[in-house]
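Breakdown of the fold
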Amino acid sequence: MAAVIPDHLHDHHHGPTGLMRWITTTNHKDIGTMYMIFSFIMFLSGGVMALTIRAELFQPGLQVVQPEFFNQLTSMHGLVMVFGAIMPAFVGFANWQIPLMIGASDMAFARMNNWSFWLLPPAALLLLGSFFVPGGAMAAGWTMYAPLSVQMGMGMDMAIFAVHIMGISSIMGAINIVVTVLNMRAPGMTMMKMPLFCWTWLITAYLLIAVMPVLAGAVTMVLTDRHFGTSFFNAAGGGDPVLYQHVFWFFGHPEVYIMILPAFGIISEIIPTFARKPLFGYASMVYATASIAILSFTVWAHHMFTTGMPAVGQLFFMYATMLIAVPTGVKVFNWVATMWRGSMTFETPMLWATGFIFVFTIGGFTGLICAIAPIDIQLQDTYYVVAHFHYVLVAGSLFALFAGAYYWLPKWTGHMADERLGKIHFWCSMVFFNITFFPMHFLGLAGMPRRIPDYALQFADFNALATIGAFGFGFSQLIFIVVVIKCVKGGEKAAARSWEGAQGLEWTVPSPAPHHTFEVPPVVK
Amino acid sequence: MSSVARTGLAILAAASASSVMAESSVNLQQPVTQIATEIYDMHTLMLVICLVIFIAVFGVMFWSMFAHRKSKGAVAAHFHENTTVEIVWTVIPVLILLGMAYPATKTVIAMKDTSNPDITIKATGYQWKWGYDYLKGEGEGVKLISNLSTPRDQLDGREAKGDNYLLEVDQPMVVPVGKKIRILTTANDVIHAWWVPALGVKQDAIPGFIRDTWFRADKEGVFRGNCAELCGKDHGFMPIEVHVVSEEKYAAWVAERKGMQAATAEDPNKVWDLAELKTRGEQVFAANCAACHQADGKGLPPAFPALDGSAVVQGPKMAQIETVLKGREGTAMAAFGKQLSDTELAAVITYTRNAWGNHTGEVIQPAEIAAAR
Ligand SMILES: [Cu+2]
């Protein structure tokens, strides 16, 4: 029998089966899948925390949770979403797509790839498990500012170790991506022919390698201040609490771009496909990405305008931050120019991508407003900032992830996703997202601080609205689960080139992509 | 989309109508200082510029989405580069940004100029209240501690919420109108931030360091704000209330405060009896300790230990005096030595040793605290 099975059907994996297959796998597609499932589970856990927060804030007064638990929720919501949901999801995309897009057979370090993933579940257990230890989870905000973080119970230590582990995982993943992209491109694929998604991930990987150790350093200093008698952040011992913020944000600002650059990459793949027209200004996109990455190292203290920097310090960080608007603007202009005089259709991925451009740009503008130091002094630590970063992280990163998921699901599963459900998912997310977060701009302007479990009466209406929106948004995400399950189980068969306008090597292999691809490198002309 | 645009327009409308609107809930609070006014106007200007760019860019995008559809027979063009266009849309934003940076720079420099104040006040952040020391200028020597005055029953919904729910304090900061007030900020435990939106002031209060900021209120009135930096459990419950009053009223207030301070300045050598100290101690406890250790002494373990039945409270008194006076390094238990007087410390320690299930029967006198300092 075996002899008559055509070659490409026979190519399922060999080796252990069942659970052991997933634990021992070194295949980039398996690992990519695991990353994405993991990140979605974390997304739902962080979402439950967010909804509990919103339930408490539905009305003035304390109804659902007490302040100390509320602080645990806001802190863990941030950590879980950033390190558990958004970052691993992008690594999952990188794993699946980079080898397929550059014509490589797998990632450069396949065994290390397995490790990068399997470090994450223990870290997640530490984070989520910390809710159940005495004193509860860490409650010093996702930024873990000292000296508040020095006061916390053992939940803080668990969070610190979780951050260490996730940092190691990210660095290993990043090294893998750098080496894969630099060394394993198919013959003929020069750097400047590389799909933009690979470019943005290459630059992101360098950012990760540069800043994850900085974060590890910051939290380690907190750890030694807590337990080993050091005084990095304690003035009485010669330290300085503000030092923590400098070190944290030296990581934290590039981190913001770590979460958005790959999103830019995904959008830059999708827009040309559905406009049936090549990406406008490919080279300028690459340069814009690189300049954003470089500038991201020079703006960290714009998170600290109220700490009392000297005027020159404030001015420097204000100007540098404003400058980032230029390359970001270039990107948006390029996308719009790509759509201009194209021949557009609006399948689900394209809907998400255009939705992304639209709402992400709102987040970009509020970012520019926050960059102006005097205005930021009014807005810092208010709901305006909460609105701003949810516009760039939810409507930015998350919407791009959904866009990418709908775009490549046919390649991953071999079936087209349910268009009708996908569109419902998009419209519900878009509408509820704005109902949730748009009013937060008003709350922040009018003076509502962030991270508070209860608020003055003039903020009641917008908070109630935001809570309604949040529940709508939360439940809309369940549609995505249905879409994915349906798509895995069956549906319209996907062609190798699943979308009419799709270009790129990943569309030259069958759908679903066989377990092994490009064992013989393709030649790119 | 249209809802977003409409709300955007609403902000604009609100911004332009601001001079007639007393309290806007969609825009920055009505400014009462020069700096706050500059910030307000700068924000309006930025908003208008952003909105114009937004409409231009997305006008093009939506037009294209509408017109260049495959279903309408659009055939894709093939251009994918144009150096001139790319230079233009890099240079124009740079020019716009320069235009924005100019007024912002002027305001930054003005905000930083804390020289020649009329009155200097130190604001100290405590978990979870503010302390004010009038250091220089008229009113020098006045000290007060400012606690949230909203009753707990309002938080828990057992009582209707008042107009200034969570924005009211027992002892507000009082300053005269039209005078340059320099605020020095610092903190006792973790980082807090002193923020009053209408005054255009937000400055972190950092333990072990002193930072400064200033304001000159042009109008009399009551202005309210919050602690803006996450500082633990009751971060949401340490508001700021500033009363800006006429010079005469200010002088009267200062005289009244000074009189009160003199009257309550206790003789540190007075010997108190248990009942007196317990009554006094209960008040001190409610204002300074109950946030963590709770009024019933049960605490919120494990974060905040119970004092009812605590070995330290029932054990040798020196250990407890030491704890309250010097605090416990690296925990939320702050050193109360600087905040409270000998009498207050003696009272609160005596109270805890004789309240709830604790019956040591011991009386701690102010002199013992003085000796332990
Ligand atoms: Cu505070």
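Just so it is clear, the structure is predicted and the values come from calculations on it, not from any experiment.

Another aspect to go through is the overall build of chain A. The helix and strand inventory of chain A stands at 16 helices and zero strands. Relative to the 2.2 N^0.38 estimate, which gives 24 Å for 525 residues, the radius of gyration of chain A is 23 Å and therefore close to what a compact globule would have. Each principal axis of the C-alpha distribution contributes one length, and for chain A these read about 75 × 50 × 45 Å. When the 525 residues of chain A are sorted by exposure, 68% land in the buried category.

Turning to the overall build of chain B, a few remarks are in order. When its secondary structure is counted, chain B shows 11 helices and 10 strands. The C-alpha atoms of chain B give 28 Å as radius of gyration, which overshoots the globular expectation for 373 residues (21 Å, by more than 25%). Each of the three principal axes of chain B carries a C-alpha extent, and together these read 95 × 50 × 40 Å. Considering only intrachain contacts with a sequence separation of at least 6, the fraction spanning at least 24 residues in chain B is 62%. Total accessible area on chain B stands at roughly 16,700 Å², and carbon and sulfur atoms take up 60% of it.

What follows covers the interface of chain A and chain B. When the parts of a complex come together, some accessible area is lost, and that lost area is often taken as the interface size. The interface of chain A with chain B comprises 100 residues on the first partner and 95 residues on the second. Taken over both partners, the interface formed by chain A and chain B buries close to 8,300 Å², and the fraction arising from carbon and sulfur atoms is 70%. For the pair chain A and chain B, the number of links is one salt bridge. The closest approach of N and O atoms between glutamate 500 of chain A and lysine 70 of chain B, which form a salt bridge, is 2.9 Å. Where chain A packs against chain B, one counts 27 residue pairs in polar contact (both at pLDDT 80 or more). Counting only elements with at least two residues in the side of chain A that touches chain B, the list comes to α3 (67-102), α6 (148-151), α9 (241-275), α11 (311-339), α12 (348-371), α13 (373-379) and α15 (419-446) of chain A.

As a further point, take the pairing of strand β7 (residues 201-205) of chain B. Residue and element names in this part refer to chain B. Burial runs high along β7: five of the five residues are buried. Residues Val201, Gln203 and Ala205 point to one face of β7 and Lys202 and Asp204 to the other, with burial holding for every one of them. For strand β6 (residues 192-196) and β7, the ladder comprises five bridges, and the chain directions are antiparallel. Note on β7: the bridge partner recorded for alanine 193 is aspartate 204. If you look at the hairpin formed by β6 and β7, you'll find four residues sitting between the two strands, and glycine 200 has a positive phi there, around 70°.

For the rest of this paragraph, the subject is the coordination of the copper ion. All names here are of chain B. On the protein side, the copper ion has His192 (ND1), Cys227 (SG), Cys231 (SG) and Met238 (SD) as donor atoms, found 2.0 to 2.6 Å from it. Here the copper ion binds four donor atoms, and the angle range of 93 to 127° at the metal identifies the geometry as tetrahedral. Along the chain, the residues donating to the copper ion fall in the pattern H-x34-C-x3-C-x6-M. Using a relative accessible area of 0% as the deciding quantity, one classes cysteine 231 as buried. On the basis of relative accessible area, methionine 238 is assigned to the buried category, the value being 1%.

We now examine the packing of helix α14 (residues 383-413) of chain A against helix α16 (residues 460-489) of chain A. Residues and elements named next belong to chain A. It is at 10 Å that the axes of α14 and α16 come closest, and there the two elements cross at 15°. It follows from the interaxial angle that α14 and α16 lie roughly parallel. Taken as a pair, α14 and α16 cross one another with a handedness that is left-handed. Across from Val394, Leu398, Phe399, Phe402, Ala405, Tyr406, Leu409 and Thr413 in α14, the residues of α16 making contact are Phe473, Gln477, Phe480, Val483, Val484, Cys487 and Val488. Across the contact of α14 with α16, the residue classes tally to 13 nonpolar, two polar and no charged.

We now examine the sheet that holds β7 of chain B. Strand pairing in a sheet is mediated by backbone hydrogen bonds. Such pairs are either parallel or antiparallel. Residue and element names in this part refer to chain B. Pairing in this open sheet of five strands is mixed, and the strands run β4-β10-β9-β6-β7 from one edge to the other. The strands lining the two open edges of the sheet, one partner per strand, are β4 (173-176) and β7. Across the sheet, the mean angle separating the axes of adjacent strands is 25° when strand polarity is ignored. Across four bridges, β4 lies against strand β10 (residues 240-245) in parallel orientation. The partner of valine 175 across the bridge, within β10, is valine 244.

Now for a nonpolar patch on the surface. On the surface, Ile87, Val91, Val94, Leu95 and Leu98 of chain B cluster together into a nonpolar patch covering about 450 Å² of accessible area. Assignment of secondary structure puts valine 94 of chain B in helix α3 (residues 83-112).

Another aspect to go through is the confidence of the model for chain B. All names here are of chain B. Here chain B shows a mean pLDDT of 88. Residues at 70 or above account for 93%. The model gives residues 1-22 a pLDDT under 50, and that stretch makes 22 contacts with residues more than four places away or in other chains. Per the prediction output, this complex has pTM 0.89; the corresponding ipTM is 0.90.

Bringing the pattern of salt bridges into the picture now. All names here are of chain B. Taken as a whole, this structure holds 21 salt bridges over all chains when the rule is applied. In this structure, the salt-bridge partner of arginine 158 is aspartate 156, at a minimum N-O distance of 3.4 Å. Here aspartate 156 falls in the partly exposed class, since its relative accessible area comes to 28%. Three or more residues are tied together by salt bridges with common partners; here these are Arg152, Asp153, Asp156 and Arg158.

Residue and element names in this part refer to chain B. Structurally, chain B comprises domain 1 (15-111), domain 2 (119-264) and domain 3 (274-372). In this structure, domain 1 and domain 2 have C-alpha centres spaced 36 Å apart. At the junction of the two partners, domain 1 supplies 11 residues and domain 2 supplies 12 residues. When domain 1 packs against domain 2, the two sides together hide about 840 Å² of surface, and 56% of this comes from carbon and sulfur. Contact with domain 2 buries area across many residues of domain 1, yet Gln29, Val32 and Thr33 alone supply 61% of it, more than any other trio. Between domain 1 and domain 2 we count zero salt bridges in total. Across the contact surface, domain 1 and domain 2 share five residue pairs in polar contact (both at pLDDT 80 or more). Counting only elements with at least two residues in the side of domain 1 that touches domain 2, the list comes to α2 (34-67) and α3. Of the residues forming the side of domain 1 that touches domain 2, the biggest block, four residues, is contributed by α2.

Here is what the cut-offs are and how they apply
- Residues numbered from 1 in each chain as written.
- Chains lettered and ligands numbered in written order.
- Predicted model: local features only at pLDDT ≥ 70, side-chain atom pairs only at ≥ 80, totals over all residues.
- Heavy atoms only, no water.
- Helix = DSSP H or I, 4+ residues; strand = E, 2+ residues; numbered from the N terminus.
- Rg over C-alpha atoms; globule rule 2.2 N^0.38 Å.
- Buried < 20%, exposed > 50% of the residue type's maximum accessible area, 1.4 Å probe, protein only.
- Contact = heavy atoms within 4.5 Å.
- Areas by Shrake-Rupley, 256 points an atom, 1.4 Å probe, with all protein chains shown as cover.
- Buried area = accessible area lost by both parts, 1.4 Å probe.
- Salt bridge = Lys/Arg side-chain N within 4 Å of Asp/Glu carboxyl O.
- Polar contact = N/O pair within 3.5 Å; in protein donor to acceptor, adjacent residues only side chain to side chain.
- Pairing = 2+ DSSP bridges.
- Donors = N, O, S within 2.8 Å, 3.2 Å for Na, K, Ca; no water.
- Tetrahedral: all angles 85-135°; square planar, octahedral: opposite > 155°, others 65-115°.
- Axes fitted to C-alpha atoms, helices over the stretch in contact; angles between N-to-C directions.
- Parallel < 35°, antiparallel > 145°, perpendicular 65-115°, else oblique.
- Left-handed = near helix turned anticlockwise from the far one by under 90°.
- Nonpolar A, V, L, I, M, F, W, Y, C, P; charged D, E, K, R; others polar.
- Patch = residues over 30% accessible without salt bridge, like charges linked within 9 Å, V, L, I, M, F, W, Y side chains within 5 Å.
- pLDDT = per-residue confidence, 0-100.
- Domains from an automatic or database assignment.

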